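Examining the three-dimensional arrangement
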Amino acid sequence: MNFLNRTGEENQNTKESFRTGEVLMDSGSIHRTLLAYALPVLLMQLLQQLYNIADCAVIGRLCGGFGLAAVGVAGLILAVHINFFIGFSVGVTSAVSRLFGARDFGKLRAMIATSVWLAAGAGLFLTILGERLGQNYLAWLACPAEAMDDALLYLRICLLGLIPQLVYNVANGVFRALGNTKTPLLWLAAAAVLNIALDLLFVGVWDFGFAGAAWATLTAQWALGIGMIWRLTRLDERFRFSFDAPLLSSRELFSLLRLGIPSGMQAAFMSLSSLLIQISIDSFGPAAMAGMVVYAKIEGFMYYPAFAYGMALTGFIGQNLGAGRLDRVEEAMAVSRRTAIRATLIISGALMLAAEPLVGFFTEDAATLTNGLAAIYWNFPFYFLYSLNQVYIGGLKGLGETGIPMLSALAAYALFRVIWCETLLPYWHDMAVIYTAYDVSFLVSLLILVPAYRHILRRVAHPAAHDTAIAA
């Protein structure tokens, strides 16, 4: 399949496109291109949030506070597995976008096929592991006895959806790298509608409780995963996925893992920090646990857009780096910093003004309501710092550096937050200690990421000078 007529020489605002939806982004308006590229990714993250919101809203109203606590604890365990591959997919985006920007289509096809098979194999392994150790996970998190049976049932059913979830996230990373963010959005929207409809049917009409909510989500996840595989087989014939496509050589596979594993570990460290802090939250009782679950669902309307924008930035920068357009890399970062700060302050302000009805949507329990509101009022004013984190993480990954974001997540989220809570809670046993751990950790992460990004950019822009400095 040939390129559509390229008119970049005639009009610098025209982007090279493919008949199957892929777009090269090394020309045209940076601001418009980046926003057009990022917007579908933002919508995808918000739709993914609807998966969890649908479950929590139905369960919170029909099954009470212990129901929310059960779903919340089980969800934390699932998040460690899923978030690793969400992070891994960003590494895939970095690798694929550079090959696509350089028009190396043969290696690109092998990269796509290898990534899909890795996701499917890892999903199978983690499903088996989780089914065997699920009860141990919940016991380690000190899941309340009242919520244990429900949490274990919900967890075991949802684990069966790991394979399609991991495949979807890797496929999503591939599409982002190819400049096609609309296709994953449309498939995710269909799956979200299916999930909500099945939630209402299984729980609201047939009264299947936790099992119904879990089976509804599982069905939608498999439909989404299969749909994304089918769509990958419909890419441009030079790099589309097929079950007999060649795989990467061992050396090339190592390069992919070098990008993907640190990126996955960064996301896993964030989930791990939530797991570790959950142990501290458990000491405040089920109402505090349920309040943090509700807070997390509302926080998603800022967390997911910020995370998605960073992922979009990775693909944009990767393509332009592959095409040798460092000028567009620097301008994209400047645009992204301004966008992150302004958008987050506006959204956080709106969510704080609407906090009471939003929390009340999930629960009518007074203690849960109080805890959810407290978390919002403590954390949301400082959330723009997290959005800036995602800009610099996206920039670093687009430049091919995934190790520093991983170390930043380990230091700021997995270590700092836990040390903060373990140090202060014996002297000030208040949930405010946990809330402030999140706020301060955002600043700690920025102190690591900003100078690291500047250093990596100088190294990429002037490789000869960097090599000379190392030799000296």
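Residues numbered from 1 in each chain as written. Predicted model: local features only at pLDDT ≥ 70, side-chain atom pairs only at ≥ 80, totals over all residues. Heavy atoms only, no water.

Some words on the overall build of the protein
Summing up its helical and strand segments, the protein has 15 helices and zero strands in all. Looking at the 472 residues of the protein, the share that counts as buried comes to 58%. The contacts in the protein between residues at least 6 apart in sequence include a share of 82% that link residues at least 24 apart. Of the accessible surface of the protein, which amounts to about 18700 Å², a share of 66% is contributed by carbon and sulfur atoms. (Helix = DSSP H or I, 4+ residues; strand = E, 2+ residues; numbered from the N terminus. Buried < 20%, exposed > 50% of the residue type's maximum accessible area, 1.4 Å probe, protein only. Contact = heavy atoms within 4.5 Å. Areas by Shrake-Rupley, 256 points an atom, 1.4 Å probe, with all protein chains shown as cover.)

Points about the pattern of salt bridges
Two side chains carrying opposite charge are able to pair once their charged atoms lie near each other. As enumerated under the stated definition, the model contains one salt bridge in all. The residue Glu401 makes a salt bridge to Arg459 at a minimum N-O spacing of 4.0 Å. Here Arg459 lies in helix H14 (residues 431-461) and Glu401 lies in the loop between helix H12 (384-398) and helix H13 (403-424), a separation of 58 residues in the sequence. Among the residues examined, Arg459 registers a relative accessible area of 32% and is labelled partly exposed. (Salt bridge = Lys/Arg side-chain N within 4 Å of Asp/Glu carboxyl O.)

Regarding the environment of Ala171
Mapped onto the fold, Ala171 is located in helix H4 (residues 162-177). The class of Ala171 is buried, set by a relative accessible area of 0%. The spatial distance from the C-alpha of Ala171 to the C-alpha of Ala119 is 9.2 Å, given a sequence separation of 52 residues. If we skip the residues at most four places from it in the chain, Ala171 touches Met228 and Leu232.

Comments concerning the confidence of the model for the protein
Looking at the protein as a whole, the pLDDT averages 77, with 80% of positions reaching at least 70. Confidence, read as mean pLDDT per element, is least for helix H15 (residues 463-471) in the protein (46) and greatest for H12 (91). Low pLDDT (under 50) marks residues 1-17, which in the prediction has 36 contacts with non-local residues, meaning those over four places away or in another chain. Predicted confidence for residues 464-472 stays below pLDDT 50, and this span has two contacts to residues more than four positions away or in other chains. (pLDDT = per-residue confidence, 0-100.)

A few points about the packing of helix H2 (residues 105-140) against H4
Between H2 and H4, the shortest axis-to-axis distance is 8 Å and the interhelical angle comes to 155°. On the basis of the axis angle, H2 is roughly antiparallel to H4. In this structure, H2 crosses over H4, and the sense of that crossing is right-handed. Side by side, H2 and H4 meet where Ile112, Ser115, Val116, Ala119, Ala120, Ala122, Gly123, Leu124, Leu126 and Thr127 of the first sit next to Leu162, Ile163, Leu166, Val167, Val170 and Val174 of the second. In terms of residue class, the contact of H2 with H4 is built from 13 nonpolar, three polar and no charged. (Axes fitted to C-alpha atoms, helices over the stretch in contact; angles between N-to-C directions. Parallel < 35°, antiparallel > 145°, perpendicular 65-115°, else oblique. Left-handed = near helix turned anticlockwise from the far one by under 90°. Nonpolar A, V, L, I, M, F, W, Y, C, P; charged D, E, K, R; others polar.)

Focus: a nonpolar patch on the surface
Taken together, the side chains of Trp117, Phe243 and Leu247 define a hydrophobic patch exposed on the protein surface, amounting to about 360 Å² of accessible area. Along the polypeptide, Phe243 turns up in the loop between helix H6 (209-232) and helix H7 (250-282). Here Phe243 falls in the exposed class, since its relative accessible area comes to 61%. (Patch = residues over 30% accessible without salt bridge, like charges linked within 9 Å, V, L, I, M, F, W, Y side chains within 5 Å.)

Re the packing of aromatic side chains
Scanning the model with the defined rule gives 15 aromatic pairs in all. Each ring, one from Trp117 and one from Phe243, has its centre 5.9 Å from the other, and the planes form 65°; the classification is edge-to-face. Pair noted here: Trp117 is in helix H2 and Phe243 is in the loop between H6 and H7, with a separation of 126 residues, a long-range link. Seen in terms of ring centroids, Tyr386 and Phe442 are 5.4 Å apart; in terms of plane orientation they differ by 55°. Their pairing is tilted. Placement of Tyr386 in helix H12 and of Phe442 in helix H14 is noted, with a sequence separation of 56 residues between them. In this pair, the class of Tyr386 matches that of Phe442, namely buried. (Phe/Tyr/Trp six-rings, centres within 6.5 Å; stacked < 30°, edge-to-face > 60°.)

Observations regarding helix H8 (residues 286-322)
In this model, H8 (37 residues) spans 50 Å end to end at C-alpha, consistent with the 54 Å of a helix rising 1.5 Å per residue. Residue Gly300 marks the point of greatest curvature in H8, where the axis turns by about 45°. The buried fraction of H8 is high, at 32 of 37 residues. Within two residues after H8, Gly324 carries a phi angle of roughly 75°, on the positive side. (Expected span 1.5 Å × (residues − 1). Bend = angle between axes of the 7 residues up to and from the residue.)

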